[in-house]
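Each chain, letter by letter, is given below.
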Amino acid sequence: MKDAERASKTFDKIAQHFDKTRNRPWDEVVEFLKEIEGRVIDLGCGNGRHSLAAKNLGLDFVCLDASIKLLKIARKKTENEGIYVRSGLKKLPFKDDSFDNSIYIAAVHHLSNNRVKSLEESKRILKSGGKILISSWAREQDRWDLEGNESDINVPWNKPDGTVVDRYYHLYRLDELANDVEKSGLKVLRKFRSKGNNYVIAQKN
Ligand SMILES: C[S@@+](CC[C@H](N)C(=O)[O-])C[C@H]1O[C@@H](n2cnc3c(N)ncnc32)[C@H](O)[C@@H]1O
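Note that this is a predicted model, so its numbers are computed, not measured.

(A) Fine view of the site of the ligand. Not every one of the 21 residues close to the ligand is listed here, only the nearest: A7, G44, G46, A66 and A107. Elements that contribute at least two residues to the shell around the ligand include exactly α1 (3-20) and α3 (49-56). In terms of residue count, the dominant contributor to the shell around the ligand is α1 (4 residues). Taken together, the residues of the shell around the ligand sort by class into 11 nonpolar, 6 polar and 4 charged.

Okay, structure coming up:
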């Protein structure tokens, strides 16, 4: 099954509960949004909590996700003031140089392959000088029960009705994430770990 199809099925199944548990935007993302201007795309927007933060800061925003249920929640949360696009993350349905800046939060780690290709696409749709904030769950956390170099796992989501939905993760180490960003042709400006997540801020030349 393709990653976008799998994400759509997985996240549609957990959308409502996921939304209830993801109310607040992450501070690291809000700090980034405060420093940018213009039109931002939220890649893998989920329930739109970070697009809402962008809206509240006066930015124009586009929400993109494979999950139709999460996109609907995002649309409602952001009062239909953005543009809402259902798409996978490996081929983005926009012309070159379409966006001033971009956020790609906790989504690239759901791709089982072609992660660099997805980052290349993220670069392609950015304007020259545009910045992107990318985050992923950190492989370096103690919470994972992993053997050796293992980094691809399924993490269960436990719904209140007792059903369990598996989510695929590629757990990036910080340097590995920064290397993949470099491979895409983006220039890494900063890399850091915060609260269990790895972050890279990069720029298109
Ligand atoms: C963990 S959520 C993060 C949502 C949001 N960025 C946030 O920080 O709250 C991951 C999101 O990425 C989306 N996603 C995962 N794989 C995808 C793919 N291949 N194509 C499009 N969206 C995908 C999921 O549907 C989900 O909404």
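On we go.
(B) Molecular detail of the environment of R139. As for its position among the elements, R139 is in the loop between β5 (126-137) and β6 (152-158). Classification of R139 by C-beta neighbours within 10 Å gives buried; the count is 21.

(C) Representation of the environment of D100 in the model. Inspection of the secondary structure assignment puts D100 in strand β4 (residues 99-105). A count of 18 C-beta atoms within 10 Å places D100 in the partly exposed class. Each C-alpha atom of the pair D100 and D145 lies 39 Å from the other, and the pair is 45 residues apart in sequence.

(D) Representation of the nonpolar core within the structure. Counting 51 residues, the largest nonpolar core has V29, I103, Y104, L133 and I134 as the members making the most contacts within it. Here this core gets 5 residues from one element, more than from any other, and that element is β5. Discounting residues that sit within four places of it in the chain, Y104 has contacts with L43, G44, S122, I132 and I134.

(E) Here's a closer look at the environment of I41. The topology assignment puts I41 in strand β1 (residues 39-43). On a C-alpha basis, the gap between I41 and K127 in space is 12 Å, while along the polypeptide they are 86 residues apart. Beyond its immediate stretch of four places on either side in the chain, I41 contacts V62, L64, F99, S102 and I125.

(F) Representation of unusual backbone geometry. Positive phi is not limited to glycine here, since E79 has a value of about 55°. Inspection of the secondary structure puts E79 in the loop between α4 (68-77) and β3 (83-86). Here A106, not a glycine, exhibits a phi torsion of approximately 55°, which is positive. Its location among the elements puts A106 in the loop between β4 and α5 (115-124).

(G) Just the sheet that holds β1, in detail. Pairing in this open sheet of 7 strands is mixed, and the strands run β3-β2-β1-β4-β5-β9-β8 from one edge to the other. Each end of this open sheet is capped by a strand with a single partner; those strands are β3 and β8 (187-194). Taken over all neighbouring pairs, the strand axes of this sheet differ in orientation by 15° on average, direction set aside. Two elements, β5 and strand β9 (residues 197-203), share 7 bridges in a ladder whose sense is antiparallel. In the sheet register, I132 faces β9, and the bridge partner there is A202. Contacting β2 (60-65) and β3, α4 crosses the sheet at an angle of about 175° to β3.

(H) Molecular detail of the pairing of β2. The buried count for β2 comes to 5 of 6 residues, which makes it a mostly enclosed element. Pairing analysis gives 5 bridges linking β1 to β2, with the strands arranged parallel. Considered in β2, the bridge of V40 is made with F61. Following the backbone out of β1, through α3 and into the adjacent parallel β2, one traces a crossover that is right-handed. Pairing geometry for β2 and β3, over 4 bridges, is parallel. Counterpart to D65 in the pairing with β3 is R86. The parallel pair β2 and β3 is bridged by α4, and the resulting crossover is right-handed.

Cut-offs and rules
Residues numbered from 1 in each chain as written. Predicted model: local features only at pLDDT ≥ 70, side-chain atom pairs only at ≥ 80, totals over all residues. Near = placed C-beta within 6 Å. Helix = DSSP H or I, 4+ residues; strand = E, 2+ residues; numbered from the N terminus. Nonpolar A, V, L, I, M, F, W, Y, C, P; charged D, E, K, R; others polar. Buried ≥ 20, exposed ≤ 12 C-beta atoms within 10 Å, placed from the backbone. Core = buried A, V, L, I, M, F, W, Y, C linked by C-beta atoms within 7 Å. Contact = placed C-beta atoms within 7 Å. Pairing = 2+ DSSP bridges. Axes fitted to C-alpha atoms, helices over the stretch in contact; angles between N-to-C directions. Right-handed = clockwise from strand over helix to strand, strands pointing away.

Worth remembering: the numbers are spatial, not functional.
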